[in-house]
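As a plain string of letters, each chain reads:
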Amino acid sequence: MKQDLSIKHALSLLNSNKQEEGLKVLKQLIKDDPSDINAHQVMVKIGFKNKDHALAENHLLALRTLQPSSNHYLQPLIELYSYQKRWGDLSSLFLELALKQPSNATTQFNCGYYLKLAGKFDEAIKFYKQALALGISDAYEVYLNIAIIYSEHLSEPEKSIELLSTAIEKYPNQDSLKYNLANVYEQLGNKELAFSMFQSAFSQNPSNFDALARQADIYNIKTKDDEIVNAMESIFNSNQIEDKDKVNIAYSLGKAHDDCQEYQLAAKYYQKANELDQKGLPIYNPVKYEQYIDKIINTFNESWFEKAKSDPITTLVKAPVFICGMFRSGSTLCEQILASHSGISAGGEQEFFHRSIINHFPDFPQNIKSKFDSQKELLLADYIKEVSQFKSADNQLTDKRPDNFLYLGLIKTLMPNAKIIWTKRFVFDNCLSVFFLRLGASMSYATKIENILHFYKQQERLMNHWAALFGDDIFPFDYDELIREPESKISQLLDFVDLPWEDNCLNFHKSKNQVKTASVWQVRQPLYKGSSGRWKNYQQHLKLDY
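Description of the structure in this document. For clarity, every value in this text was computed on a predicted model and none was experimentally measured.

What counts as what
Residues numbered from 1 in each chain as written. Predicted model: local features only at pLDDT ≥ 70, side-chain atom pairs only at ≥ 80, totals over all residues. Heavy atoms only, no water. Helix = DSSP H or I, 4+ residues; strand = E, 2+ residues; numbered from the N terminus. Expected span 1.5 Å × (residues − 1). Buried < 20%, exposed > 50% of the residue type's maximum accessible area, 1.4 Å probe, protein only. Contact = heavy atoms within 4.5 Å. Salt bridge = Lys/Arg side-chain N within 4 Å of Asp/Glu carboxyl O. Arc of directions from axis to C-beta. Axes fitted to C-alpha atoms, helices over the stretch in contact; angles between N-to-C directions. Parallel < 35°, antiparallel > 145°, perpendicular 65-115°, else oblique. Nonpolar A, V, L, I, M, F, W, Y, C, P; charged D, E, K, R; others polar. Core = buried A, V, L, I, M, F, W, Y, C linked by side-chain atoms within 4.5 Å.

## Quick notes on helix α4 (residues 53-66)
Item 1. Between its first and last C-alpha atoms α4 spans 20 Å; for 14 residues at 1.5 Å apiece the expected length is 20 Å, and the two agree.
Item 2. Turning to α4, its buried residues are His53, Leu55, Ala56, Glu57, His59, Leu60, Leu63 and Arg64.
Item 3. On the buried face of α4, the contacting elements are α2 (19-32), α3 (37-49), α5 (74-84) and α6 (87-100).

Written out as structure tokens, the structure reads:
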């Protein structure tokens, strides 16, 4: 009988494709002796082979407990967390490593990198600086990463500019430093300095095609014979340049020809840009996304919120105003209008909920009921701590991240008093605006108009679900109505957030705040009608069918 409960017997069963029997033997071995290292090791291998990540993780953690002085199990755990994008858990592993290897500059850098991804920005800066003090090679990358934290996450663009300027003096041959300094100047609305830095980065490195493309994005192109257009077309038509390096050039050529009202040419380049971009992105699965929205709707239903009322959160906070909806639907403009009011502090695109879902609830919304209750108080405390730095005195804070529409169930559970602004825009204008931008792997729907239209409908379906649940706590803010009746719509918006009228809200374009979205230049000018009905310029050239 003892022979039947042995590693040898378990392996024999597994090798004979009798996995259930083999697993049963291994589980019994571990039950009889929880310190059986060999049994745990086999379970880890089974977990990785079957892509059962929870199984692999459980036994890796057990092995680390049994052999705390061994680093043998650290790398597979790092690879597992990296695959799952569990940045919080990864940062904990690298913190452990950094403390064990205080003189290893690369370890300190990696620790800073994963702390940044986990949203622990002050700690990340500390470890990045330690890497610098230890003389890490390619130190300019460390300066770059710290500067990005200051500009993108801590809203301290002045510190970012100071750091990048210092780095450029130390490493004058690194065009990436100039490129990122141009980004910060652009966010602050300084066209001249942004253009100059993009121009300098491209002059220094003619293979930095993005720096050329960004020049075209800043200014209104008057003619299709503009020298920047000619330079971009030369790159786009070159057989010596890889397709992946032409993507941003193609988008900018679309923008340039749109500026010149050459809509057929613009459509051609936008179409080509998206075709090239698709090659490096995951495939958007409409059926799978519909199922995801179904799960959110079925999870966060009336019974969920009835239970939440019976077991309320104990920490009462003044919730930010959440601005969300379809990407490119006017959320930046909405926040800019509100930010022009003396009673509002603009929080910008806070990534807290998106990051926390990945870190704490990777299979969201599945299994959320069992996990959320034990973490909700800490989750709320962490959120308030993270966003409080953007709030002035007694001002009302805004949190403007479009895809928070996915997480409103959690947000309203944590902060039942939260108010939500749903930014809306005519479907074809909205979807074309998405199609005209490069949005990255997390928005793979954005490269095909039919997929964008599908995503738009799913967003609308979910927002209608929230509207039915939350009633007057959701305010639809329509971009096209704003263009037609700005004073009336802004007045309604201010009423919704319980603030009196201020004329500054009509002059939002004069604000000197930092804007970190693709709408950076649009919100620096007064309201204009050109973006409302823009789709009509393309109805002959692109397939629009709702």
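After that view, the rundown keeps rolling.
## What about the pattern of salt bridges?
Item 1. The full count for this structure, using the stated rule, is 25 salt bridges.
Item 2. Residues joined by salt bridges that share partners form a network here, namely Lys307, Asp311, Asp373 and Lys376.

## Section: the side chain of Asp403
Item 1. The topology assignment puts Asp403 in the loop between β3 (396-400) and α22 (408-414).
Item 2. In this structure Asp403 comes out as buried when scored by relative accessible area, which is 18%.

## Observations concerning unusual backbone geometry
Item 1. Between Phe364 and the following residue, Pro365, the backbone shows a cis peptide bond with an omega angle of 0°.
Item 2. Turning to its location among the elements, Pro365 is positioned in the loop between α20 (352-360) and α21 (368-387).
Item 3. Even without being glycine, Asn17 reaches a positive phi, approximately 65°.
Item 4. The residue Asn17 is located in the loop between α1 (7-15) and α2 in this model.
Item 5. The phi torsion at Asp138 lies on the positive side, around 55°, for a residue other than glycine.

## Considerations on α1
Item 1. Within α1, the full set of buried residues consists of Ile7, Ala10, Leu13 and Leu14. Buried residues of α1, viewed axially, fall in a sector of 125°; they line one side. Facing away from the buried side of α1 by more than 90 degrees, the exposed set consists of Lys8 and Asn15.

## Observations regarding the packing of helix α9 (residues 139-153) against helix α11 (residues 175-187)
Item 1. Across the interface, α9 lies against α11 with an axial gap of 10 Å and an inter-helix angle of 10°. Viewed along their axes, α9 and α11 adopt a mutual orientation that is roughly parallel. For the pair formed by α9 and α11, the contact residues are Tyr140, Leu144, Ile148, Ser151 and Glu152 on the first element and Ser176, Leu177, Asn180, Val184 and Gln187 on the second.
Item 2. Across the contact of α9 with α11, the residue classes break down as five nonpolar, four polar and one charged.

## Describing the nonpolar core
Item 1. Of all hydrophobic cores here, the largest spans 143 residues; its most connected members are Ile249, Phe300, Phe353, Phe364, Met415, Tyr445 and Trp466.
Item 2. With residues near it in sequence (within four places) discarded, Phe300 still touches Phe305, Phe364, Pro365, Ile368, Gly409, Leu410, His465, Trp466 and Leu469.

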